[in-house]
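Structural features, examined
Spelled out, the chains give:
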Amino acid sequence: MTAAAPTAVPEEHHRSRPRDLLALVRPGQWVKNLAVVPLALLDTHPWGAADLLRTGWAILGFTLASAVVYVVNDLADRERDRLHPVKRHRPIASGRVSPAAATVLTGLLALSLTGWAVAGPAWQWWPTALYLALSLAYSQGLKHVPLVDAFIVATGFVLRLLQGALLVGGRLSEWLALCVFSLCLMLSLGKRRHEMTAAGRAHRPALRGYTLAFLDHLVVLVAVLTAVSYVLYLRDDAALAAGASFVILLSAPCAVFGLARYLQLLLVEEGGGNPVHVLFRDRVTLVNAGLWAVLVALALLTHPSG
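Residues numbered from 1 in each chain as written. Predicted model: local features only at pLDDT ≥ 70, side-chain atom pairs only at ≥ 80, totals over all residues. Heavy atoms only, no water.

**So, the nonpolar core**
Core analysis: the largest hydrophobic core is formed by 33 residues, its most contacted members being Val-180, Leu-185, Met-186, Leu-189 and Tyr-210. Sorting the residues of this core by element identifies helix H7 (148-168), helix H8 (174-199), helix H9 (212-237) and helix H10 (245-268) as the ones contributing at least two each. Sorting elements by how many residues they give to this core places H8 first, with 11 residues. Ignoring anything within four residues of it in the chain, the contact list for Met-186 reads Val-219, Val-222, Ala-223, Leu-259 and Tyr-262. (Core = buried A, V, L, I, M, F, W, Y, C linked by side-chain atoms within 4.5 Å. Buried < 20%, exposed > 50% of the residue type's maximum accessible area, 1.4 Å probe, protein only. Helix = DSSP H or I, 4+ residues; strand = E, 2+ residues; numbered from the N terminus. Contact = heavy atoms within 4.5 Å.)

So this is what it looks like as structure tokens:
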């Protein structure tokens, strides 16, 4: 006798568990909002309790908006995700969360996001709304267009930064915006490179517009742009530049080293599939980031307020 092959449980008959629903909104990715939105505070010195509260409000809005995008994207991509060695374990692709349950969750998140916009300052939610519109357009087709897919992802992080600056009433530095954009574009391109080496091009149509050599050139080009824009931000626009030029000079090598370490992980060690894990679990990156944070904190403390 031979054992019968296991049969898949129909999606609509599978009962979704709270843990799987939580995994669907990817709380591990919320650190992107924590890392980008508060950058608006760099040009708002000294800080007050109101600034911190407004920054928290911006983080909440983008967390809700990104959760909506994650669920909608996983709903649209569930068949394609089943072909990927890692993404096939996502809640919808694996069948742990039914499409009906995911649709209900999307509605609840959208309702919460609407309440966030209504309760906040009038008309200052437009960066979050623009992010949501771009992300939904991305999910519905733009993610299949080579280069456009990566540029939309990077633009979403600039909108995070803009939302934080808008709510705290600070001026958004053009150099800082360019630095955030180019850094996130580098991470997005690095993720696509890793996907090509790990699973080929079949699961993501946009990958047909890339080659490994092309991505390698793009990643290095954008890394250079990130370093240059960071240094120009420190020199021309940073609120702490006038009183702490020596400390700022020391922080620049930390930024360049961080970029070089990421390129090493991506191109030499074939990592980069999950930029959050790469940046927050690599010990060398964490030590370098800690040193950079200490230097920036010293610059802030030595810069006279007022």
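Now that the structure has been shown, we can carry on.
**Observations concerning the packing of helix H3 (residues 49-76) against helix H6 (residues 126-140)**
For the pair H3 and H6, the least separation of the axes is 10 Å and the interaxial angle reads 10°. One finds that H3 runs roughly parallel with respect to H6. Each of Gly-61, Phe-62, Ala-65, Ser-66, Val-68, Val-69, Val-72, Asn-73 and Ala-76 in H3 lies in contact with H6, whose residues at this interface are Pro-127, Thr-128, Tyr-131, Leu-132, Ser-135, Leu-136, Ser-139 and Gln-140. (Axes fitted to C-alpha atoms, helices over the stretch in contact; angles between N-to-C directions. Parallel < 35°, antiparallel > 145°, perpendicular 65-115°, else oblique.)

**Focus: the side chain of Asp-20**
If you trace the backbone, Asp-20 turns up in helix H1 (residues 18-24). Apart from residues lying up to four places away in sequence, Asp-20 is in contact with Pro-91, Arg-96 and Val-97.

**Quick look at a nonpolar patch on the surface**
Taken together, the side chains of Leu-142, Val-145 and Val-148 make up a nonpolar region of the molecular surface, amounting to roughly 180 Å² of accessible area. Looking at the element boundaries, Val-145 is found in the loop between H6 and H7. (Patch = residues over 30% accessible without salt bridge, like charges linked within 9 Å, V, L, I, M, F, W, Y side chains within 5 Å. Areas by Shrake-Rupley, 256 points an atom, 1.4 Å probe, with all protein chains shown as cover. Salt bridge = Lys/Arg side-chain N within 4 Å of Asp/Glu carboxyl O.)

**Description of the side chain of Thr-285**
If you trace the backbone, Thr-285 turns up in helix H12 (residues 283-302). In this view, Thr-285 contacts Arg-261, Leu-265, Val-278 and Leu-279; residues no more than four positions away in its chain are not counted.

**Focus on the state of the cysteines**
According to the stated counting rule, one finds zero disulfides in the structure shown. Between Cys-179, a cysteine without a disulfide, and Cys-184, which holds the nearest cysteine sulfur, the sulfur-to-sulfur distance is 9.0 Å. For Cys-179, a relative accessible area of 10% puts it in the buried group. (Disulfide = S-S within 2.5 Å.)

**Structural notes on the packing of aromatic side chains**
Counted according to the given criterion, the structure contains four aromatic pairs. Ring centres 5.0 Å apart and planes at 55° place the aromatic pair Phe-62 and Tyr-131 in the tilted group. With Phe-62 in helix H3 and Tyr-131 in helix H6, the pair connects residues that are 69 residues apart, well separated along the chain. Judged on exposure class, the residue Phe-62 and its partner Tyr-131 are both buried. The interplanar angle of 25° and the centroid separation of 6.2 Å between the aromatic rings of Tyr-210 and Phe-214 together place this pair among those described as stacked. The buried category is assigned to Tyr-210, whose relative accessible area is 1%. For Arg-160, the ring lying beneath its charged end belongs to Phe-157, and the centroid distance is 4.5 Å. (Phe/Tyr/Trp six-rings, centres within 6.5 Å; stacked < 30°, edge-to-face > 60°. Lys NZ or Arg CZ within 6 Å of the ring centre and 35° of its normal.)

**A few points about unusual backbone geometry**
In this model, Arg-26 sits at a positive phi of 50°, which is unusual for a non-glycine residue. Looking at the element boundaries, Arg-26 is found in the loop between H1 and helix H2 (31-36). We classify Arg-26 as buried; its relative accessible area is 17%.

Nothing here speaks to function; it is all geometry.
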